[in-house]
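Letter by letter, the chains look like this.
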Amino acid sequence: METMNKTAPILEAVNLSKKYEDGMLALNNVSFEVKPGEIFSMLGGNGAGKTTTINIFLNLLEPTSGEAKINGIVTHESPLEAKKNVAFLSENVMLYPEFTALQNIDFFVKLGGKLNYTKSDYQKVLKRVGLQTEAHEKKLKGFSKGMRQKCGIAIAILKDAPAILLDEPTSGLDPKAGHEFVKLLADLRDEGKAILMSTHDIFRAKEISDYVGIMNKGSLVMKKSRAELQGENLEQLYVQFMAGYMDTVA
Amino acid sequence: MLKLLIEKELKEIIGSPKFIMMFAISSILILLTFYVGGINYKKNIAQHEAAKLENLRSMEGIKDWRLIEHNIYLPPSILASLVNGISNDIGRNVDMYGRGEIRPHGSVYNENPVYAAFRFLDLTFLFQIVLSLFSILFTYNAVNGEKESGTLRLVFSNSIPRGKYILGKILGSYAALSIPLIIPFLLGCLVLSVLGIQLKGSEWFRLALIINAGILFMGVFITLSVFISSVSRRSANSFLLLLVIWIFVILVIPRAAVLISGRFIDVPPIDELNNKKNAYNRELAETVLNKLKTFKADGNEDLFAQFEKYMEEVNDDKDEKMNSFGSKLDEERKNRQNVQSDLSLTLARISPAAQFSLASSIIAGTSLTLSQEFLSQAKNYQNVFKTFQQEKSGGSSGGGMKMIMVNEGDEPPDIDPTELPEFVYKEANLDSIIVASLGDFGLLIIYTFIFFAGAYMAFRRFDLR
Ligand SMILES: Nc1ncnc2c1ncn2[C@@H]1O[C@H](COP(=O)(O)OP(=O)(O)O)[C@@H](O)[C@H]1O
Ligand SMILES: [Mg+2]
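These numbers were taken from a predicted model, which means no experiment stands behind them. (Residues numbered from 1 in each chain as written. Chains lettered and ligands numbered in written order. Predicted model: local features only at pLDDT ≥ 70, side-chain atom pairs only at ≥ 80, totals over all residues. Heavy atoms only, no water.)

The next point concerns the overall build of chain A. Looking only at helices and strands, chain A has 10 helices and 10 strands in total. Taken over C-alpha atoms, the radius of gyration comes to 18 Å for chain A, in line with the 18 Å a tight globule of 250 residues would show. For chain A, the C-alpha atoms occupy an extent of roughly 55 × 45 × 40 Å along the three principal directions. Of all intrachain contacts in chain A linking residues separated by at least 6 positions in sequence, the fraction that spans at least 24 positions is 69%. (Helix = DSSP H or I, 4+ residues; strand = E, 2+ residues; numbered from the N terminus. Rg over C-alpha atoms; globule rule 2.2 N^0.38 Å. Contact = heavy atoms within 4.5 Å.)

Right under this line is the structure:
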């Protein structure tokens, strides 16, 4: 326990707040950290502020106050440095439709700074994420969402960054694909990655997360470790927190 | 990193189905232009040679060079066949006499009005319309399209400076869109040699300059499109906006420039000038009449001689006044005309399309100055011809007259038409062409940089989510 606490967090949100131009307070003083070898899941309904959080980590948005740090680097201060340490997978992976899977992967992996991979490295990883060999040389425009998601995670794996951000990665995947995806995430965690995932899939979150946070209307209303969740009914907790918050508002 | 971004853009454009269409269309049009230009050139050369022969033949059997009036012609040039400029609108034929005003006539469009109705397909027209449209078609959504399709977020989840990304976009598009320009252009040069048309070294060089001007012009539209696509959030909007700009740049500004300068700078019509001259002439005639009335004889001398001398002075005075009045009017009109055309060129140069077409016509030797250049070389030739006539007929016209009278009984020999000094039209040299086109090249480059800077600034503030 002692040694665990001493490892520095890779992902860190410190009193993160975001108010949009229209006055919408999308994030309200959110703090958490994710260490190497941990999966942190943000649970929350639509509009809870999950994507906003991830966008701040990627410097696609600036926080109104507080800061997001990757590997100790404040993202809105040195975004280029910070982003060297993170791989990202969006809810709906969009790649170049006129490029093949391998061409897309080659481009994005090189863009991520990894220049020395060979084609067979790419193919190995594509096999690992479960994209059938026939699809490797096919143009992306015919790909299903699941296939695109597989390309996306392959890119994230190949970037080999210490942190991985995933924005609702399993939404829209069929159960089998979802299961395989979660297994893959567990492997990556075991390789020492710090993983921050937003989701509204309570069961998968409980299955693999080391920490689960519940977000509601921009606030992190609950944070529990795997041990703390042992024996708890997460679904019930989720509904309670949502309702409780609603009650205090009303 | 920049190389990667450029390569990706290049591959993406080249790999898209619309690129194949663009390549096909631009190849067909460019090759057609070279083919039609080449065929026209050959036809013009044949006509030119025939006209020169006919010119010589018409002198056969004539016994005195002073009786010769012949024609000189502006020779065809291959560059003019490819970049028409004003070469089809101006008179290419001058009736040559030893004295008097000369006036070029017989323009291509005059002789064949049907050509005027459709104009020829030339490189300037082609580049202006087609290249600019293609540039827009391929880059109107360069930035906002990637946002719409969702790839922008993934790109910028990496450690990519925004400036590099925009530079990569522009350079990649530049490289990709140059291909369907340069390859058909090179094939077009091949078409010329297949047609048996040989270009001089300097003509090759000028052709290369013309394609360079075309690429620069295309670059203006590429940077403009990337700029607009990073200003507007939706690609549909940027497409519409670019179409409007396109219409202004290609169609409205150059025409408006001519109309506006015509409104602001009055050039008096020739008739008005002649009326003024006539009025002044009448006025002068009246003073002559008055002077006639006030003539007072000095009793001592021959009255008739005195009157003649007096009237000669009066008339000389009148002629001098009339001449200076007339040439002042002519001069004024010419100056105003120059001011007007300078103004319209300056205004037109707001449009990169005008910059490009002016640059390419200057390089091809078919710019507005072609008619003045031809006229002035024809005038120089007139002097040469006049001197030649005088030499051949033994000095002044009066002396010639006497000689004929002395040799009355002999049959004088026919003249030898081949002795006639040849009119050779000298094209401007390469240096002066380059200097003259430098301004327009500069403007094209400046526009490119302005739009690039605009794209860079707009993209710094672009919402990448
Ligand atoms: N650009 C924006 N301007 C104003 N409000 C926004 C903007 N983007 C998101 N929001 C609002 O912020 C809140 C959080 O959004 P988001 O982070 O996308 O939630 P989640 O990803 O959890 O569904 C929502 O209420 C959403 O409407
Ligand atoms: Mg979201």
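This part covers the packing of aromatic side chains. This model, assessed by the stated rule, comprises 29 aromatic pairs over all chains. Centroid distance Tyr 96 of chain A to Phe 99 of chain A: 5.7 Å. Interplanar angle 55°. Geometry classified as tilted. Looking at Phe 99 of chain A, the relative accessible area reads 4%, which means it is buried. An angle of 25° between the planes, with centres 4.1 Å apart, marks the rings of Tyr 280 of chain B and Phe 325 of chain B as stacked. (Phe/Tyr/Trp six-rings, centres within 6.5 Å; stacked < 30°, edge-to-face > 60°. Buried < 20%, exposed > 50% of the residue type's maximum accessible area, 1.4 Å probe, protein only.)

All names here are of chain A. Taking strand neighbours across the sheet as the criterion, the six strands line up as β6-β7-β8-β3-β9-β10 in an open arrangement whose pairing is mixed. With one partner strand each, in any of the chains shown, β6 (86-89) and β10 (219-225) form the two edges of the open sheet. On average, each strand axis in the sheet is tilted by 15° relative to the strand beside it, whichever way the strands run. Bridge analysis of strand β3 (residues 38-43) against strand β9 (residues 211-216) gives four bridges, and the strand direction is parallel. (Pairing = 2+ DSSP bridges. Axes fitted to C-alpha atoms, helices over the stretch in contact; angles between N-to-C directions.)

Here we take up the site of ligand 1. The immediate surroundings of ligand 1 are formed by 13 residues, with Gly 47, Gly 49, Lys 50, Thr 51 and Thr 52 of chain A found nearest. Around ligand 1, the nearby residues trace back to chains A and B. Taking Lys 50 of chain A, its main chain carries an N or O atom lying 2.8 Å from an oxygen atom of ligand 1. Between ligand 1 and Arg 465 of chain B, the relevant distance is 3.4 Å, taken from a nitrogen atom to a side-chain nitrogen or oxygen of the residue. Contact with the protein chains covers 68% of the free accessible surface of ligand 1, which is 560 Å². The leading source of residues in the shell around ligand 1 is helix α2 (residues 50-57) of chain A, at three residues. (Near = heavy atom within 4 Å. Polar contact = N/O pair within 3.5 Å; in protein donor to acceptor, adjacent residues only side chain to side chain. Areas by Shrake-Rupley, 256 points an atom, 1.4 Å probe, with all protein chains shown as cover.)

All names here are of chain B. Relative orientation of the contacting elements helix α6 (residues 123-139) and helix α9 (residues 162-194) amounts to 150°, with a least axis distance of 11 Å. Like other packed secondary-structure pairs, α6 and α9 cross with a definite hand, here right-handed. Facing α6, whose interface residues are Leu 123, Phe 127, Leu 131, Ser 135, Phe 138 and Thr 139, α9 presents Ser 173, Leu 177, Leu 181 and Phe 185. Class assignment for the residues of the contact of α6 with α9 results in seven nonpolar, three polar and no charged. (Left-handed = near helix turned anticlockwise from the far one by under 90°. Nonpolar A, V, L, I, M, F, W, Y, C, P; charged D, E, K, R; others polar.)

Our next topic: the interface of chain B and chain A. With 25 residues of chain B at the interface, the matching set in chain A holds 26 residues. Both sides of the chain B and chain A interface together cover about 2,400 Å² of buried area, and 65% of this is carbon and sulfur. A per-residue breakdown of the area chain B buries against chain A is headed by Arg 153, Leu 154 and Arg 465 of chain B, which together make up 27% of the total. Applying the counting criterion to the chain B and chain A interface returns zero salt bridges. Linking chain B with chain A are six residue pairs in polar contact (both at pLDDT 80 or more). Going through the elements one at a time, α1 (2-15), α7 (144-149) and α8 (151-155) of chain B are the ones with two or more residues in the side of chain B that touches chain A. (Buried area = accessible area lost by both parts, 1.4 Å probe. Salt bridge = Lys/Arg side-chain N within 4 Å of Asp/Glu carboxyl O.)

This part is about the confidence of the model for chain A. Detailed reading of the predicted coordinates is not advisable wherever pLDDT is low. When pLDDT is averaged along chain A, the result is 92; 95% of the residues meet or exceed 70. A low-confidence stretch, residues 246-250 of chain A stays under pLDDT 50, and its non-local contacts, those more than four residues away or across chains, total zero contacts. (pLDDT = per-residue confidence, 0-100.)

Moving on to the packing of helix α4 (residues 101-111) of chain A against helix α5 (residues 119-129) of chain A. Residue and element names in this part refer to chain A. It is the contact of α4 with α5, at a shortest axis distance of 11 Å, that shows an interaxial angle of 105°. Considering their axes alone, α4 and α5 lie roughly perpendicular with respect to each other. Contacts between α4 and α5 pair Leu 102, Ile 105, Asp 106, Val 109 and Lys 110 from the former with Lys 119, Tyr 122, Gln 123 and Leu 126 from the latter. Residues that form the contact of α4 with α5 fall into these classes: five nonpolar, one polar and three charged. (Parallel < 35°, antiparallel > 145°, perpendicular 65-115°, else oblique.)

It is worth spelling out a nonpolar patch on the surface at this point. All names here are of chain B. Judged by side-chain polarity, Val 244, Ile 247, Phe 248, Leu 251 and Val 252 come together as a nonpolar surface patch covering roughly 380 Å² of accessible area. Along the chain, Ile 247 falls in helix α11 (residues 235-264). Taking the relative accessible area as the measure of exposure, Ile 247 reaches 38% and is therefore partly exposed. (Patch = residues over 30% accessible without salt bridge, like charges linked within 9 Å, V, L, I, M, F, W, Y side chains within 5 Å.)

Moving on, we get to a negative patch on the surface. A cluster of acidic residues, Glu 308, Glu 312, Glu 313, Asp 316, Asp 319 and Glu 320 of chain B, forms a negative patch at the surface. Within the secondary structure, Glu 313 of chain B sits in helix α13 (residues 303-348). (Lys, Arg positive; Asp, Glu negative; His and termini not counted. Charge placed at Lys NZ, Arg CZ, Asp CG, Glu CD.)

Counted under the stated rule, the structure contains 32 salt bridges over all chains. Of the charged contacts, one joins Glu 81 of chain A and Lys 84 of chain A as a salt bridge, the two residues approaching to 2.8 Å between their closest N and O atoms. One salt bridge in this structure joins Lys 52 of chain B and Glu 422 of chain B, with 3.6 Å as the shortest N-O distance. One end of the pair, Lys 52 of chain B, is in helix α2 (residues 17-57); the other, Glu 422 of chain B, is in the loop between α16 (397-406) and α17 (430-460), and 370 residues separate them in sequence. When its relative accessible area of 57% is taken as the criterion, Glu 422 of chain B is described as exposed. Salt bridges here are not isolated pairs; linked through shared partners, they connect Lys 8, Glu 9, Glu 12, Glu 146 and Lys 169 of chain B.

Residue and element names in this part refer to chain B. Along the polypeptide, Gly 365 turns up in the loop between α14 (352-364) and α15 (369-392). The partly exposed category is assigned to Gly 365, whose relative accessible area is 26%. Along the sequence, Gly 365 and Ile 245 sit 120 residues apart, while their C-alpha atoms lie 29 Å from each other.

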